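# Structure assessment
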Amino acid sequence: MHNERTRVAVELSQAAVSFGRGSKAIAALQETTLRINEGEFVALVGPSGCGKSTILKLAGGLLQPSRGAVIVGGKEVSAKALRIGMAFQNPTMLPWLTIERNVMLPLKIVRPFRADYRLKKNSEYRDRVHALLRDVGLERFANSYPWQLSGGMLQRANLCRALVHEPRLLLLDEPFGALDQFTREELWGTMQSLWLKHKQTVLLVTHDLKEAGFLATRICVMSARPGRIVDDRGVDFPRPRTIEKTFEADFVALNQRLRELITRSRTDTVIEEA
Amino acid sequence: MTYELRRRLSAAFLIFGFFLLWEVLCLSMQVSDLVLPRPTQVMETLISRFGVLWPHIVQTLWTTMSGFLLGVTVGVLIGAGIGISRTAYDTLYPLLIGFSSIPKVAVVPIFVLWFGSGSVPAILTALVMCFFPIVVNIATGLATTEPELEDVLKSLGASKLDILWNVGLPRTMPFFFASLKIAVTFAFVGSVLSETVASNKGIGNVMMTASSNFDVPLVFAGLFILAMLGMLLYVAFSFVERRVTGWATRREDFTAI
Ligand SMILES: Nc1ncnc2c1ncn2[C@@H]1O[C@H](COP(=O)(O)OP(=O)(O)O)[C@@H](O)[C@H]1O
Ligand SMILES: [Mg+2]
């Protein structure tokens, strides 16, 4: 059990979130317990509005649980014990900065990088950004402005920005949700190789079951709102996984099983409400 | 280049055509210069009386610019306050809306009552005319940060000041410069308004006096001067705006700079 190498990165214990007060309170997340070990790639799937983003925000310290506790890197989230990178569906690049400067933004803010920002922004930090951009195939666009890039390219830049300060925990909220199927599958490959290289802990929220199966080492399925985790399983297809893999029988079977679980959890709630 | 040149030429041609039409219509219909002087008459007045007009131009220009600068300062401070703090927004916004719906002619007598006639009421009227668009634009610019970006930065441990400095302020710049262009023309309206009511200096006063003397060409000369000054300042601020915030307006031009 207490293997030295498996440390807990994120732990939600009986964490629940509700918005509003009194009779108008909306339960966004039921008491949830979830433990993510360091180096795991966890995908969180479930119907929309079930509280996936809420869990992500809890882990990122952007939201405090109404009840229960959230421990990240061994401390309460607000203590910022772990360096965190985040990326959302909307790439939110700043239009007045080049891609290089956009990706560098975390280094301007996160300790200890920020102390040397002025000194290193044209040397060490620049090289670091360029290395990342090369990994995602954007090297030629370092000096372009965001409006010159396509949606898929912006999302690659967004991943770079989330990774540039070498976070130990990466929180991704439907980062590929707005992309077309081909671009999305391309980015799965990019994401996988980035992860194989850096092995951070990743929590990925998605509604794409194929995406979850392709990327994750573990998949958690949530029920409809107010959400709770109804299924939690490992995914041990060998790496690196390919798009061809997603057409094989065992992958398809996993997909179908997940779909069933989500559909069932939805009809359950409908019956409860009736 | 050719397209740009053609655009400019056609614009210049149309403006010239407008004055030509005015001249021709006045001549052919024999309009008295007591009603509507011809552009050539106005120009003639402008040139022959320039020596007398010049001190008034300077007067109007300096009261306008002083009022404008004060208005920008006040506007930026209030706008930043409203954009950053929810409480400031809730308390100040209703007050400002109320204030901005007061016709500014009504406040001139109050300023005269407090400070006597002359430059001070002109500056103050320019100020109250021009600060409101700045407040609104600064506040809007600061308030439109995407929530996702704010989350990304907060998860990095960014302070409110970090976010303001790296995102809020740069994003506000286009709004700010757009509002400067409008504010400077409003400041003109304010100072001239005050001069017509309570001053013995400035273009507003010149026009008032000229109109009571039935010196209609001089009234129109005053109008011309105001229009020219307004345009000049507008162009100046547009130029600065394009230099500073090209990323928000003309992307193609911006890369060319
Ligand atoms: N700031 C908020 N105020 C009120 N309700 C919220 C807020 N944020 C989320 N919710 C509600 O909580 C539920 C879960 O939201 P979320 O975690 O964003 O779902 P999703 O699984 O689609 O990411 C939703 O029903 C949503 O309407
Ligand atoms: Mg969501």
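Right above here is the structure, for reference.
Residues numbered from 1 in each chain as written. Chains lettered and ligands numbered in written order. Predicted model: local features only at pLDDT ≥ 70, side-chain atom pairs only at ≥ 80, totals over all residues. Heavy atoms only, no water.

## Looking at the sheet that holds strand 9 (residues 218-222) of chain A
All names here are of chain A. Read from one edge of the open sheet, six strands run 6-7-8-3-9-10, paired in mixed fashion. Unpaired on one side and paired on the other, strand 6 (84-88) and strand 10 (229-234) mark the two borders of the sheet. Pairwise comparison of adjacent strand axes, ignoring direction, gives a mean angle of 15° for this sheet. With four bridges joining them, strand 3 (residues 41-45) and strand 8 (residues 201-205) adopt parallel strand pairing. By the bridge assignment for strand 8, Val42 is matched with Leu203. Across the sheet, helix 1 (residues 52-59) lies against strand 3, strand 6, strand 7 (169-173), strand 8 and strand 9, angled at about 155° from strand 7, the strand it touches most. Packing of helix 5 (residues 151-163) onto the sheet brings it into contact with strand 6 and strand 7, and relative to strand 6 it is tilted by some 165°. (Pairing = 2+ DSSP bridges. Helix = DSSP H or I, 4+ residues; strand = E, 2+ residues; numbered from the N terminus. Axes fitted to C-alpha atoms, helices over the stretch in contact; angles between N-to-C directions. Contact = heavy atoms within 4.5 Å.)

## Quick notes on the interface of chain A and chain B
In this complex, chain A contributes 23 residues to the contact, which on the side of chain B involves 21 residues. Taking both sides of the interface into account, the surface hidden between chain A and chain B amounts to around 2100 Å²; carbon and sulfur atoms contribute 70%. Counting the surface chain A buries against chain B, the share from its top three residues, A:Trp96, A:Ile109 and A:Trp147, is 32%. Between chain A and chain B we count one salt bridge in total. One can count two residue pairs in polar contact (both at pLDDT 80 or more) joining chain A with chain B. Take the side of chain A that touches chain B: its biggest share by element is four residues, from helix 2 (residues 99-109) of chain A. (Buried area = accessible area lost by both parts, 1.4 Å probe. Salt bridge = Lys/Arg side-chain N within 4 Å of Asp/Glu carboxyl O. Polar contact = N/O pair within 3.5 Å; in protein donor to acceptor, adjacent residues only side chain to side chain.)

## A closer look at the site of ligand 1
Residue and element names in this part refer to chain A. Around ligand 1 sit Phe19, Ala28, Ser48, Gly49, Cys50, Gly51, Lys52, Ser53, Thr54 and Arg225, and that is every residue in its neighbourhood. In this structure, an oxygen atom belonging to ligand 1 sits 2.7 Å away from a main-chain N or O atom of Gly49. Measuring from an oxygen atom of ligand 1, one finds a backbone N or O atom of Lys52 at 2.8 Å. Tallying contributions element by element places helix 1 first for the shell around ligand 1, with three residues. The residue makeup of the shell around ligand 1, split by class, is three nonpolar, five polar and two charged. (Near = heavy atom within 4 Å. Nonpolar A, V, L, I, M, F, W, Y, C, P; charged D, E, K, R; others polar.)

## A short note on the environment of A:Phe176
Residue and element names in this part refer to chain A. Structurally, the position occupied by Phe176 is in the loop between strand 7 and helix 6 (181-198). Phe176 sits in the buried class, given a relative accessible area of 1%. Placed 89 residues apart in sequence, Phe176 and Ala87 show a C-alpha to C-alpha distance of 9.9 Å. Excluding residues that lie within four positions of it along the chain, Phe176 makes contacts with Gln155, Leu159, Arg184, Leu187, Trp188, Met191, Glu211 and Leu215. (Buried < 20%, exposed > 50% of the residue type's maximum accessible area, 1.4 Å probe, protein only.)

This is a description of form; function is not addressed.
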